[in-house]
Amino acid sequence: MHEVALAQEIVEICQAHVESGSKIETVKLEIGALSGVVAEAIEFCFEACAKGTALEGATLLIDKIKGTAKCPICAQTFEVAAVFDPCPHCQTYPVEILSGRQMRVSEIEVNDV
Amino acid sequence: MCNTCGCNPNHSHAHAHDHPAPRKKITIEQDILSKNNSLAKTNRALFKKHQIFALNLVSSPGSGKTALLEKTLRELSAKTRFAVIEGDQQTDNDAQRIAKTGVPVHQINTGAGCHLDAHGIAHALDHFDLKNLDVLFIENVGNLVCPATFDLGEHHKVAVLSVTEGEDKPLKYPTMFENSDVMLLNKIDLLPYLDFDVKKCKEFAKRVNPKIKIFEISVKTGAGMSTWYEWLAQEAREI
């Protein structure tokens, strides 16, 4: 459950961007399908980690980024569910991962009280 | 202006709806692991400054990481100055085992935590004389999932996989094997008693990470240990 540690990082990153007394209403995240992180586990841990902070009760909006890759042989791009998935067109592997590894806090919405 | 009634929210009058407080959007675009990665960078700079070769040993519990370290330290510490950071949720059992080899050791207990992070390593480094150190082993918490995500500043992750675990572990836990530069296939003395398919296991590891180096070893009998020692000596020289 390293999602607890990640949820704590999310809380710290968001708090560093607001004045004390502000209330953070929403947090937008990008979680890639190949990041090794379960978005639902982040949601579960976030609620607990946000307690007693400017993020208490904030809504978490998770943008799940699909894993995409490019084949080094036939140059086609396609979706992958795992880093070791072969090219669906010519069965080559490894393939070049283009997206899906990210874990980012992209945006927050704040109520300045 | 209020979207519901068109009034100015700064004046006061009695009506039946609340004015929502104005919301401000703030763009952040920050990696969730940015703090850990920045501390890992600091650790890496410290290793470079003192010419320390740092390895992060990762595996499931019971693969033989501590036994591997005990044997490696006993056989090589006459010529190389080692130190060990031990990571476990509880107990200092492993640190006690390492201490018996005479090598400096520091135990980190993560409590409920399932992995070591760069912050914990930075503090653990205070316990060693870095000027008189050649190789640092970090024995991570036994777990094939979480330690894969956290850079500690090490030169390489070394995954230890024992043949009692099943040959498909690299496919089941791909992030760990993708992020490791070496896989030590341990306990090969037990192969005659198991259905473990070594060829398949290597193929699975290479599928996840084509560059991974694989050494077949038995810490118990000493088989293959020289290949691991040679890699260690060579890589430590090249930093």
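Values in this document were obtained by computation on a predicted structure and should not be read as measured data.

Below, the discussion takes up the interface of chain B and chain A. Across the contact, 28 residues belong to chain B and 31 residues belong to chain A. Summed over both partners, the interface of chain B with chain A comes to about 2900 Å²; 58% of that surface belongs to carbon and sulfur atoms. Sorting the residues of chain B by area buried against chain A places R23, I28 and I32 of chain B first, and these three jointly supply 25% of that buried surface. Linking chain B with chain A are six salt bridges, by the criterion used here. We note a salt bridge from E9 of chain A to K35 of chain B, for which the minimum N-O separation is 3.9 Å. At the surface where chain B touches chain A, the tally comes to twelve residue pairs in polar contact (both at pLDDT 80 or more). Residue assignment for the side of chain B that touches chain A shows that the elements contributing at least two residues are β1 (23-31), α1 (34-49), α6 (174-179) and α7 (198-208) of chain B. Residue contributions to the side of chain B that touches chain A peak at nine residues, all from β1 of chain B.

Below, the discussion takes up the nonpolar core. Formed by 33 residues in total, the largest nonpolar core has its most connected members in V27 and L29 of chain A. Looking at this core, the elements with two or more residues in it are α1 (3-15), β1 (23-32), α2 (39-50), β2 (59-65) and β6 (103-111) of chain A together with β1 of chain B. Residue contributions to this core peak at seven residues, all from α1 of chain A. Setting aside residues up to four positions removed in sequence, L29 of chain A forms contacts with I10, I42, L60, L61, I62, D63, R104, V105 and S106 of chain A together with I32 of chain B. By size, the runner-up hydrophobic cluster in this structure holds 29 residues, among which are F78 and C87 of chain A together with I188 and V208 of chain B.

Moving on, we come to the side chain of S162 of chain B. Residues and elements named next belong to chain B. Mapping S162 onto the fold places it in strand β6 (residues 156-162). You can call S162 buried: its relative accessible area is 1%. Within the local environment of S162, its side chain forms a polar contact with the side chain of E165, the two groups lying 2.7 Å apart. If sequence neighbours within four positions are ignored, S162 has contacts with G62, S63, N186, K187 and F196.

Looking now at unusual backbone geometry. The amide bond that connects Y93 of chain A to the next residue, P94 of chain A, takes the cis arrangement and shows omega of 0 degrees. Turning to its location among the elements, P94 of chain A is positioned in the loop between β4 (77-80) and β5 (96-99). A positive phi is found at E29 of chain B, a non-glycine position, where the angle reads about 50 degrees. Within the fold, E29 of chain B resides in strand β1. When its relative accessible area of 38% is taken as the criterion, E29 of chain B is described as partly exposed. The backbone of T91 of chain B shows a phi angle near 70 degrees, a positive value even though the residue is not glycine. Positionally, T91 of chain B belongs in the loop between β3 (82-88) and α3 (93-99). A relative accessible area of 40% places T91 of chain B in the partly exposed class.

Reading the values: rules and limits
Residues numbered from 1 in each chain as written. Chains lettered and ligands numbered in written order. Predicted model: local features only at pLDDT ≥ 70, side-chain atom pairs only at ≥ 80, totals over all residues. Heavy atoms only, no water. Contact = heavy atoms within 4.5 Å. Buried area = accessible area lost by both parts, 1.4 Å probe. Salt bridge = Lys/Arg side-chain N within 4 Å of Asp/Glu carboxyl O. Polar contact = N/O pair within 3.5 Å; in protein donor to acceptor, adjacent residues only side chain to side chain. Helix = DSSP H or I, 4+ residues; strand = E, 2+ residues; numbered from the N terminus. Core = buried A, V, L, I, M, F, W, Y, C linked by side-chain atoms within 4.5 Å. Buried < 20%, exposed > 50% of the residue type's maximum accessible area, 1.4 Å probe, protein only.

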